[in-house]
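Here is what each chain is made of, one letter per residue.
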Amino acid sequence: MSAAPHRRPTGRRRLALAGAGTLVAAGLGAVPLVVKADAVAPADLAHGVLPARDGWAASGSGTTGGSAADAAQVFTVSTRAELARALAAGPAGAPRIVRVKGLIDANTDDSGKPQSCADHAAGTGYSLDSYLKAYDPAVWGRAKVPSGAQEDARRAAQARQAARMVFTVPARTTVIGVPGTGAGITGGSLVVKNADNVIIRNLSLTDVRDCFPQWDPTDGSTGNWNSAYDAVSLRGATHVWVDHNTFSDAPHPDSANPVRFGREYQVHDGALDITNSSDLVTVGYNTFSNHDKTMLIGSSDKDTKLRVTLHHNVFRGIVQRAPLARVGQIHLYDNYYDTTESEGYAHSYSVNSRAGAQVVAQNNYWKLSPDRKTSQLLSGDGTGAIAGSGNLVGGAPVDLVAAHNSANPGKKIKTAVGWRPTLTAGLEPAAGLPAKLAAKAGAGVLTETGGKAAPAPSGPAGGRTLTVAADGSAAHRSVQAAVDAATAGDTVLVSRGTYRETVNVPASKHGLTLKGATGNAEDVVITYDNASGTPKPGGGTYGTAGSATATFSANDITVTGVTVENTWERSAHPDVRDTQAVAVNASGDRQRYLNSRFIGHQDTVLNWAPSATGQYRQYFRHCFIAGDVDFVFGNATAVYDQVNITLRDRGAAAGGHNGYLAAPNTDAAKPYGILITDSTISSPARPGTYYLGRPWHPGPSAVGQLVIRNTSLPAAVKTEGPWTDMGGFSWKSARFAEYANTGPGAGTGANRPQLAPDRATAHTARAYLAGTDDWNPTD
């Protein structure tokens, strides 16, 4: 055990514009202009306009984007180069529609070859090692920002990356994802600068990483690393509609960033920033997840204009700035905020009002995690104002400003604003928002029928089905490619075969189902072989959680009919000391794992709660799990119901030591950790060579909880003492118990605590999983 884990015909006529000159676009240099254009029926989604009274962007002339584009100015793009060309093609100021089909990787060259940070830096003279040596505070000091040769080289490298991944969106433009294609841009930044009348819709915008963040020792008391790119940046932009997009750092969360000069090496900036006197902006039905500094409104306290509406957006796993409003008239209505920590993103505050900001917060809904308080939802410096009503916290009406001011008497938020919202299309009571927005917010839920939302999914498998086959006979060759293309509620259906890859299902893919096509888990195998101590490309090692073959961070997911294995072997890597090798990292709430196989050696299944005291529940039924050391472990609430567990033989002699089944590190505040019930544990190992468990104790609040009941135990279990200490922490201080077990490994006695019958009724699958929402996956 280690420390905490922390093209593609469209069916429409296609036209070619050739020989129309050359252009210099984002990183293209001088290239022939050959851009494909589509003739599209006027009624389609791409020609949609902002409805009347739909927030500030409906003011005056409204927002129509590129809806007036003729056939020659409608482009379908699937690569970075095509996207850059389409945004620059045709007469200046002409309306255009850019339809994004599939996922575009912005960090690629003109041929589509991926470009690494090293590729961007080539020829600039920049190296991270040299930069760190030059500006180490012990050498450079803390009184001035970096300058000189390495800072110049860093800027040059940053400019080269920007030439690839920054896309300037001109006036009268619609950029829209083609429904059903997993449309989006990864690693790219859309910039709307001094442009009017722009629409950005139906895109997944992820992982906008700055390869070359700048060290600023004067930023705060300890200095900070600052990155340069937002997923969408509005600078001096007017009449902008940002609708049905998903913003996320996935698949590279901040928790993966190293620490340099004592500060996080931050590679992400904003998700959506609205600055430099931007005005008349509507942001609706988007999902913002797993991000730190989410949305800034106002580039400084002296910025101007900034009339912005945010409505029906979902903020989940957001640290802060949802939004931070420095200036302007900001209307927040019918947004849903979930303050639960996700993938290491711990909530700080939701809405900040300061300086000239006048915020009206109306009919918003907050889901409050157990470790947060209502007084922590707002923030300010004592100069901003927030008015409004109809806001709910956990379903109950709350005066958010009063709660904040009571806890922060020196920084009271004002309640008087000098304006009244009138552009309020769709304003509704907050009570129904959690259910409604789970189905209707974010990318991928729009159809080609005039922009109306698709029907709400009926459950985890209520959306589309994306198919996977390694032989190329399906839409996707890899599981991860299908996951990337999926949206909340979709099903990824995997054909028979072996898939050598790692899979990451981020928190934004809530409700996703990963399903083996045959129903037999042995037919569909996802396999890889990283260990905690395996070196990572670019330096460092993977760590326990990072070694996982499959990481499932989304809530409400179902995994069924698959095998996930980590085949890393200690004997093949005698030089590696950290031998944890996770098959499955389960780190979401209300997760179901059914009829599947999870195979490894040490640390096979990680049941993880990113917030130690938060509600994270995982249910395993009719599964097979194999390992040898601590291979069911973690701090989440997990139930193993009617499963088969194999204790693998490491060759110990009778009475010796082969390994441990479980290692819970449940927080002391949580009554339920891991339950194994109505199951069969077997082993080819010699008798008396296995412990049932030991308490992982990484901190003072970790007091592992584990019950094994109504389960057949093999002779390999140490009958006289199946529990043992770990790291100096006594198993007797943990919460271990058995009840009504059978088989040659069962027993009673002073070293085998048993539940009394009246206590056993509180240790059932139903009791462990009910939580605060009465979840019952056992039916």
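Just so you know, these numbers come straight off a predicted model, no measurement behind them.

We now examine the environment of Ser 389. Along the chain, the position of Ser 389 falls in the loop between β32 (385-387) and β33 (392-393). The exposure class of Ser 389 is partly exposed, given its relative accessible area of 43%. Separated by 335 residues in the primary sequence, Ser 389 and Asp 54 place their C-alpha atoms 19 Å from one another. Non-local contacts of Ser 389, meaning those with residues more than four positions away in its chain, are made with Ala 361, Gln 362 and Asn 363.

A few words on the sheet that holds strand β42 (residues 558-560). Reading across from one edge, β35-β36-β39-β42-β45-β48-β51-β54-β57-β58 is the order of the 10 strands in this open sheet, with parallel pairing throughout. Each edge of the open sheet is held by one strand with a lone partner, namely β35 (465-468) and β58 (735-739). Averaged over all pairs of adjacent strands, the angle between strand axes in this sheet comes to 10°, irrespective of strand direction. Taken together, the four bridges between strand β36 (residues 491-494) and strand β39 (residues 513-516) define a ladder with parallel strand orientation.

It is worth spelling out the side chain of Asn 313 at this point. Position of Asn 313 among the secondary structure elements: in the loop between β25 (307-311) and β26 (314-320). Within the local environment of Asn 313, its side chain forms a polar contact with the backbone nitrogen of Tyr 285, the two atoms lying 3.4 Å apart. The residues contacting Asn 313, other than those within four sequence positions of it, are Val 283, Gly 284, Tyr 285, Asn 286, Phe 288, Asp 334, Asn 335, Tyr 336 and Leu 437.

What follows concerns the packing of aromatic side chains. Aromatic rings considered in pairs are described by the distance between their centres and by the relative angle of their planes. Using the criterion set out here, one finds 25 aromatic pairs in the structure. Consider the rings of Trp 225 and Phe 261, whose centres lie 5.5 Å apart with planes at 20°: the pair is stacked. One end of the pair, Trp 225, is in strand β15 (residues 224-226); the other, Phe 261, is in the loop between β19 (259-260) and β20 (263-264), with 36 residues separating them in the sequence. By the ring-pair criterion, three or more aromatic residues cluster together here, those being Tyr 126, Tyr 131, Tyr 135, Trp 140, Phe 212, Trp 215, Trp 225, Phe 261 and Tyr 265. In this arrangement the basic side chain of Lys 718 is found over the ring face of Tyr 691, its NZ or CZ atom lying 5.0 Å from the centre.

Another point: the confidence of the model for the chain. With 92% of its residues at a pLDDT of 70 or more, the chain shows a mean pLDDT of 90. When the criterion is pLDDT under 50, residues 2-43 qualifies, and its contacts beyond four places in sequence or with other chains add up to 104 contacts. Scored below 50 in pLDDT, residues 449-462 shows 29 contacts in the model against residues more than four places distant or in partner chains.

On inspection of all chains with the given rule, the structure shows one disulfide. Across a sulfur-sulfur distance of 2.0 Å, Cys 117 and Cys 211 are joined as a disulfide pair. The S-S bond linking Cys 117 to Cys 211 shows a torsion near -75°; that makes this disulfide left-handed. Pair noted here: Cys 117 is in helix α2 (residues 117-121) and Cys 211 is in the loop between β13 (204-206) and β14 (214-216), with a separation of 94 residues, a long-range link. The exposure class of Cys 117 is partly exposed, given its relative accessible area of 37%.

In this structure, the largest cavity encloses a volume near 90 Å³. Around the largest cavity, the lining comprises 16 residues; the ones closest to its centre are Gly 182, Ala 183, Ala 443, Gly 444 and Thr 487. The volume enclosed by the second largest cavity comes to roughly 70 Å³. Around the second largest cavity sit 15 residues that line it, and Val 208, Ala 231, Asp 249, Gly 270 and His 291 are the ones nearest its centre. At the level of secondary structure, the elements contributing two or more residues to the lining of the second largest cavity comprise β13 and β18 (246-248). Per-class residue counts for the lining of the second largest cavity are six nonpolar, five polar and four charged.

Moving on, we come to unusual backbone geometry. Cis geometry is found at the peptide bond from Ala 250 to Pro 251, where omega equals 0°. Along the polypeptide, Pro 251 turns up in the loop between β18 and β19. The amide bond that connects Ala 322 to the next residue, Pro 323, takes the cis arrangement and shows omega of 5°. Relative to the helices and strands, Pro 323 resides in the loop between β26 and β27 (324-333). Of note in this structure, Asn 194 is not a glycine but carries a positive phi near 50°. Examined against the element boundaries, Asn 194 turns out to sit in the loop between β11 (189-193) and β12 (196-201). The exposure class of Asn 194 is exposed, given its relative accessible area of 62%.

An α-helix turns once per 3.6 residues; consequently, residues spaced three or four apart project the same way. Among the residues making up helix α6 (residues 400-407), those that are buried are Leu 400, Val 401, His 404 and Asn 405. End-on, the buried residues of α6 take up no more than an arc of 120°, which puts them together on one face. At its buried positions, α6 is contacted by β30 (365-367), β31 (378-380), β32 and β33. The backbone nitrogen of Val 401 has a side-chain oxygen 3.3 Å away, supplied by the residue at the start of α6, namely Asp 399.

Attention shifts here to the nonpolar core. Core analysis: the largest hydrophobic core is formed by 64 residues, its most contacted members being Leu 190, Leu 234, Phe 247, Leu 272, Ile 274, Val 283 and Phe 288. Discounting residues that sit within four places of it in the chain, Leu 272 has contacts with Val 232, Leu 234, Val 242, Phe 247, Val 283, Phe 288, Thr 294, Met 295 and Leu 296.

The pairing of β35 with β36 spans four bridges and is classified as parallel. Along β36, the bridge assignment pairs Thr 467 with Leu 493. Once the chain exits β35 it traverses helix α8 (residues 479-485) before rejoining the sheet at β36, and the crossover so formed is right-handed.

What counts and what doesn't
Residues numbered from 1 in each chain as written. Predicted model: local features only at pLDDT ≥ 70, side-chain atom pairs only at ≥ 80, totals over all residues. Heavy atoms only, no water. Helix = DSSP H or I, 4+ residues; strand = E, 2+ residues; numbered from the N terminus. Buried < 20%, exposed > 50% of the residue type's maximum accessible area, 1.4 Å probe, protein only. Contact = heavy atoms within 4.5 Å. Pairing = 2+ DSSP bridges. Axes fitted to C-alpha atoms, helices over the stretch in contact; angles between N-to-C directions. Polar contact = N/O pair within 3.5 Å; in protein donor to acceptor, adjacent residues only side chain to side chain. Phe/Tyr/Trp six-rings, centres within 6.5 Å; stacked < 30°, edge-to-face > 60°. Lys NZ or Arg CZ within 6 Å of the ring centre and 35° of its normal. pLDDT = per-residue confidence, 0-100. Disulfide = S-S within 2.5 Å. 1 Å grid on protein atoms, 1.4 Å probe; cavity = no way out; pocket = protein on both sides within 12 Å on 5 of 7 lines; lining within 4 Å. Points joined across faces, edges and corners; volume = space filled by probe spheres on them. Nonpolar A, V, L, I, M, F, W, Y, C, P; charged D, E, K, R; others polar. Arc of directions from axis to C-beta. Core = buried A, V, L, I, M, F, W, Y, C linked by side-chain atoms within 4.5 Å. Right-handed = clockwise from strand over helix to strand, strands pointing away.

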